[in-house]
Amino acid sequence: MFPPPKHCIISIVCSSFQHLPLSVYIIHLWLTECLSYLLFHTRMMLSCHKAFMYARFTFMSNTCIVEKKQYVHSKVCFIMAFLVYIVIIIAFLDTFIQLPIIAPYAESVGASSFLIGLIIGVYSFANMIGNALSGHWIDRFGRKKMMVIGMLTAGAMLLFYPFANSGLLLFFIRLLHGIAGGILIPASFAYLSDISTSGKRGKTMAFSGASIGTAAIIGPALAGIISSYYRTEVVFLLVAILFFLVAIFVVPRFHESYTVRENRTFKMSEIKTLITKNTILTASSSAFSLMATMGALTFALPLKLENLGHSSAMTGIVISTFGIVAIFVFLSPLNRLFDTYTPKRVILIGQLAVAAALMMLAINETTVGLFLIMGVYGIGFALIFPSMNRLVVDASDKHERGKAFGLFYACFSLGVVVGSTFVGVISSIPDIQLLAAAIFMFTFFTIHYFFTRS
């Protein structure tokens, strides 16, 4: 019911001036008031609807703008991550491509057996020095600049290999080459961690592991093919050209992920703070134990296969099995577990798998068993590598991430040096060497298990 018209009484009083009957005139006034009431509220409803639609349009527009910005940002991060994976492949290709050729090349320039061993080992030792020293520079000058410096320096060092006419000169070239490589790798991983989102860091590090695995598979095979058709020096020149091309055409496209606002000087207290972080200690000790056992594996397994009567080609296939399995885990949907479960728990499972694989390798004598066991080793490696890298990312802020990755990869390189030396000192029997490596990894598993629980 609508309220009666306000001027009905006036209409009744003035009815004598109207030509229409009073009842008809009252009805006419009533309908007029009702129509005015409806028109007024209709205008109000239209105004409210217009305001609502405008607010909704504005909200949707702002939402679309935000979503578009997020989409563009994610797309840029994806492109940058892809380019960093290329840098990582080239950086580790530099390491793996020299494995089958550096000893024969050192022998060809007149190096003694003792000096050949030093030439092979000094690269990893220099890597460790470069890793440890470069962290502060990465945080001070930025990731992009240090990547360019590392690639150009490493490429320049590779150009000197063909001019090495003695074992001693080759030793010093390898020393400087290792330091340059030690600058590049922490800078690349610091940049990659800066552009990764918090919910996908494990997956991002899994893809970086796949990049390293790709270099490990391609490098030795490429070196063998090139050195068989051309001179060994062509291998060094090829990698140098790759470094220069990436440093000139790829890295400049990066957007610097971290810019220092002040001229930071080196402070030992910052290193002590990182070392005392439980998460950094867990990641660094995991890297050390993983690479030490891998050094033991690459030392002892070829000797074991030789004793079993297998050719060097079969040795290469067996060792590459773990890399293929690891790459499958890195690239398959299984990589989601690196963001689903805590890194420390995944590392423990991986360490147990590596220790079990090394122990089974020590007692196994069948060819099929070797392939299966190396598959288990590959799974363990695939579980450990992205998880320990993610620990470093989670435990460090941007202003200290370069130093954190520098310390982490210094332990990584130290493990490479210690592993083969450790088993070589213990015994000359491959099965005992593999068993010692298994005990070594199981010891670190036990320490990490109780350390994590406490």
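In this text the structure is predicted, and so the values were computed from the model without any measurement.

## Observations concerning the packing of helix 13 (residues 343-363) against helix 16 (residues 430-453)
- Between helix 13 and helix 16, the shortest axis-to-axis distance is 8 Å and the interhelical angle comes to 160°. The orientation of helix 13 relative to helix 16 falls into the category roughly antiparallel. When the axes of helix 13 and helix 16 are compared, the crossing they make is left-handed. Counting all contacts with helix 13, which are made through Lys344, Leu348, Gln351, Leu352, Val354, Ala355, Leu358, Met359, Leu361 and Ala362, the residues of helix 16 involved are Asp431, Leu434, Leu435, Ala437, Ala438, Met441, Phe442, Phe444, Phe445, His448, Tyr449 and Thr452.
- When grouped by side-chain class, the residues that make up the contact of helix 13 with helix 16 number 17 nonpolar, three polar and two charged.

## So, empty space enclosed by the protein
- Counting across every chain of the model gives one cavity of 30 Å³ or more.
- Its boundaries defined by the atoms lining it, the largest cavity holds a volume of some 40 Å³.
- Mapped by element, the contributors of at least two residues to the lining of the largest cavity are helix 10 (278-307), helix 15 (401-426) and helix 16.
- Sort the elements by how many residues they give to the lining of the largest cavity and helix 15 lands first, with four residues.

## Here we look at the side chain of Gln98
- Relative to the helices and strands, Gln98 resides in the loop between helix 2 (22-96) and helix 3 (102-108).
- For Gln98, the side chain forms a polar contact with the side chain of Arg174, separated by 2.6 Å.
- The contacts of Gln98, once residues within four sequence positions are left out, are Leu158, Tyr161, Arg174, His177 and Phe236.

## Some remarks on the pattern of salt bridges
- This structure, assessed with the given rule, holds 10 salt bridges.
- It is possible to trace a salt-bridge network through shared partners that takes in Asp139, Arg143, Asp194, Arg401 and Lys403.

## Quick word on the confidence of the model for the protein
- For the protein, per-residue confidence averages 79 on the pLDDT scale, and residues scoring 70 or more make up 79% of the total.
- Per-residue pLDDT, averaged within each element of the protein, yields its smallest value for helix 1 (residues 8-13) (43) and its largest for helix 13 (93).
- Residue range residues 1-18 is modelled with pLDDT below 50. Its contacts to residues more than four positions away, or to other chains, number 17 contacts.
- For the stretch residues 59-73, pLDDT sits under 50, and the model shows zero contacts to residues farther than four places along the chain or on other chains.

## Examining helix 6 (residues 167-195)
- An ideal rise of 1.5 Å per residue puts 42 Å on 29 residues; helix 6 measures up with 43 Å between its terminal C-alpha atoms.
- Helix 6 sits mainly inside the fold: 23 of its 29 residues count as buried.

## Quick look at the packing of aromatic side chains
- A full pass over the atoms with the stated rule returns 22 aromatic pairs.
- Both rings, one in Phe189 and one in Tyr409, keep their centres 5.1 Å apart while their planes meet at 40°; by these two values the pair is tilted. In this pair, Phe189 is assigned in helix 6 and Tyr409 in helix 15, connecting sequence segments 220 residues apart. Across this residue pair, the class does not change: Phe189 and Tyr409 are buried.
- Connected via pairs of aromatic rings, a cluster forms that spans Phe189, Phe322, Phe330, Tyr377, Phe381, Phe385, Phe405, Phe408, Tyr409 and Phe412.

## Re the environment of Ala156
- Following the sequence through the fold, Ala156 ends up in helix 5 (residues 143-160).
- In this structure the C-alpha to C-alpha distance between Ala156 and Leu237, which are 81 residues apart in sequence, comes to 9.7 Å.

What counts, and where the lines are drawn
- Residues numbered from 1 in each chain as written.
- Predicted model: local features only at pLDDT ≥ 70, side-chain atom pairs only at ≥ 80, totals over all residues.
- Heavy atoms only, no water.
- Axes fitted to C-alpha atoms, helices over the stretch in contact; angles between N-to-C directions.
- Helix = DSSP H or I, 4+ residues; strand = E, 2+ residues; numbered from the N terminus.
- Parallel < 35°, antiparallel > 145°, perpendicular 65-115°, else oblique.
- Left-handed = near helix turned anticlockwise from the far one by under 90°.
- Contact = heavy atoms within 4.5 Å.
- Nonpolar A, V, L, I, M, F, W, Y, C, P; charged D, E, K, R; others polar.
- 1 Å grid on protein atoms, 1.4 Å probe; cavity = no way out; pocket = protein on both sides within 12 Å on 5 of 7 lines; lining within 4 Å.
- Points joined across faces, edges and corners; volume = space filled by probe spheres on them.
- Polar contact = N/O pair within 3.5 Å; in protein donor to acceptor, adjacent residues only side chain to side chain.
- Salt bridge = Lys/Arg side-chain N within 4 Å of Asp/Glu carboxyl O.
- pLDDT = per-residue confidence, 0-100.
- Expected span 1.5 Å × (residues − 1).
- Buried < 20%, exposed > 50% of the residue type's maximum accessible area, 1.4 Å probe, protein only.
- Phe/Tyr/Trp six-rings, centres within 6.5 Å; stacked < 30°, edge-to-face > 60°.

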